[in-house]
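This is what each chain is made of:
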Amino acid sequence: MPRAFSQLTFTPTVLAHQQRMGSARSYAKFIEGGPQQGHEIGPAEQAFIEARDGFYQATVSETGWPYVQYRGGPAGFLRVLGPRTIGYADLSGNRQYISRGNLDGNDRVALILMDYANQRRLKILGRMTFTEGAEAAASLLPERQNHPAERAAIIAVEGLDWNCPQHITPRYTETELAPHLNALGAELAQLRAENARLKEQLSRSL
């Protein structure tokens, strides 16, 4: 586990529970042997981030209530802008502005990026800032995006962690299934053609 991520998440009360449940020592060794900082986006993280077509984003309101929102789009809509920076074009949605309002009072944000098919998960902690206006978000808009953008959302990464794959149930998107379905479709078409040929051959021999 990267040290930067654990420093943000392993609070005194969290450490107390680890101590009580017997996991404190193993985590201490794991963190000591892991990356010293762990808040920079490397090639593996960049490839993973930019291949995602959605992620879960958590914010906290001024009344202390957490709010989790799913953000979706074409693969690559969440972009790596630097070794510690990611961003996306914040599109016009249902106009509730819950996440947007929460971030005015507390700029902390947590993201969970999922690859269900390969049972991989990346957690990111950071601080979000906005630049309002469609023009500011123009460079972040995916190609062939028809929905208007309201602002650019930029996240300064403060910690990230590749999370344990245990208990991730594999699921597949239409894009992930397409090659397999296409192969099955081609095989089925070939079998049908062969079946028709054999039927015609049989009818001629009778």
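Small disclaimer: the values here were computed from a predicted structure and weren't measured.

1. Some words on the overall build of the chain
From N to C terminus, the chain includes seven helices and seven strands. Starting at the N terminus, the α and β elements of the chain follow one another as α-α-α-α-β-β-β-β-α-β-β-α-β-α. In terms of overall size, the chain is more extended than a compact globule, its C-alpha atoms giving a radius of gyration of 24 Å where 206 residues would be expected to give roughly 17 Å. Expressed as a percentage of its 206 residues, the buried residues of the chain come to 33%. Put simply, of all contacts in the chain between residues at least 6 apart along the chain, 70% involve residues at least 24 apart.

2. Here we look at the UniProt feature "domain: Pyridoxamine 5'-phosphate oxidase N-terminal" (unreviewed entry) in the chain
The UniProt entry lists residues 44-145 under the feature "domain: Pyridoxamine 5'-phosphate oxidase N-terminal" (unreviewed entry), expressed in the numbering used here. The span residues 44-145 is 19% helical and 45% strand by assignment, and the distance between its end C-alpha atoms comes to 26 Å.

3. Regarding the sheet that holds strand E4 (residues 85-91)
Across the sheet, which stays open at both edges, the seven strands sit in the order E2-E1-E5-E6-E7-E4-E3 with antiparallel pairing between neighbours. The open sheet has two edge strands, strand E2 (66-72) and strand E3 (79-82), and neither has a second partner. Averaged over all neighbouring strand pairs, the angle between strand axes comes to 35°, with direction disregarded. Pairing of strand E5 (residues 108-115) with strand E6 (residues 120-132) involves eight bridges; the strand directions are antiparallel. Looking at the pairing, Ala110 lines up with Leu125 of E6. Its contacts with the sheet put helix H4 (residues 43-50) on E3, E4, E5, E6 and strand E7 (149-162), and the angle it makes with E6 is roughly 75°.

4. Remarks on the layout of surface pockets
In this structure, the largest pocket occupies an estimated 420 Å³ of space. Around the largest pocket, the lining is made up of 26 residues, and of these Gln69, Arg71, Asp90, Leu91 and Gly93 lie nearest the centre. Sorting the residues of the lining of the largest pocket by element identifies E2, E4, helix H5 (98-105) and E7 as the ones contributing at least two each. At five residues, the largest contribution of residues to the lining of the largest pocket is made by E2. Taken as a whole, the second largest pocket encloses approximately 310 Å³ of empty space. Along the wall of the second largest pocket there are 17 residues; nearest its centre are Arg52, Asp53, Met114, Thr173 and Glu176. Secondary structure elements with two or more residues in the lining of the second largest pocket: strand E1 (54-60), E5 and helix H7 (174-205). Among the elements that take part in the lining of the second largest pocket, E1 stands out by supplying three residues, more than any other. Looking at the lining of the second largest pocket residue by residue, the classes come out as nine nonpolar, three polar and five charged. Lining the lining of the second largest pocket are residues from two domains, each supplying at least three of them: domain 2 (39-162) and domain 3 (172-205).

Reading the values: rules and limits
Residues numbered from 1 in each chain as written. Predicted model: local features only at pLDDT ≥ 70, side-chain atom pairs only at ≥ 80, totals over all residues. Heavy atoms only, no water. Helix = DSSP H or I, 4+ residues; strand = E, 2+ residues; numbered from the N terminus. Rg over C-alpha atoms; globule rule 2.2 N^0.38 Å. Buried < 20%, exposed > 50% of the residue type's maximum accessible area, 1.4 Å probe, protein only. Contact = heavy atoms within 4.5 Å. UniProt positions renumbered as here; feature names shortened; annotations may be inferred. Pairing = 2+ DSSP bridges. Axes fitted to C-alpha atoms, helices over the stretch in contact; angles between N-to-C directions. 1 Å grid on protein atoms, 1.4 Å probe; cavity = no way out; pocket = protein on both sides within 12 Å on 5 of 7 lines; lining within 4 Å. Points joined across faces, edges and corners; volume = space filled by probe spheres on them. Nonpolar A, V, L, I, M, F, W, Y, C, P; charged D, E, K, R; others polar. Domains from an automatic or database assignment.

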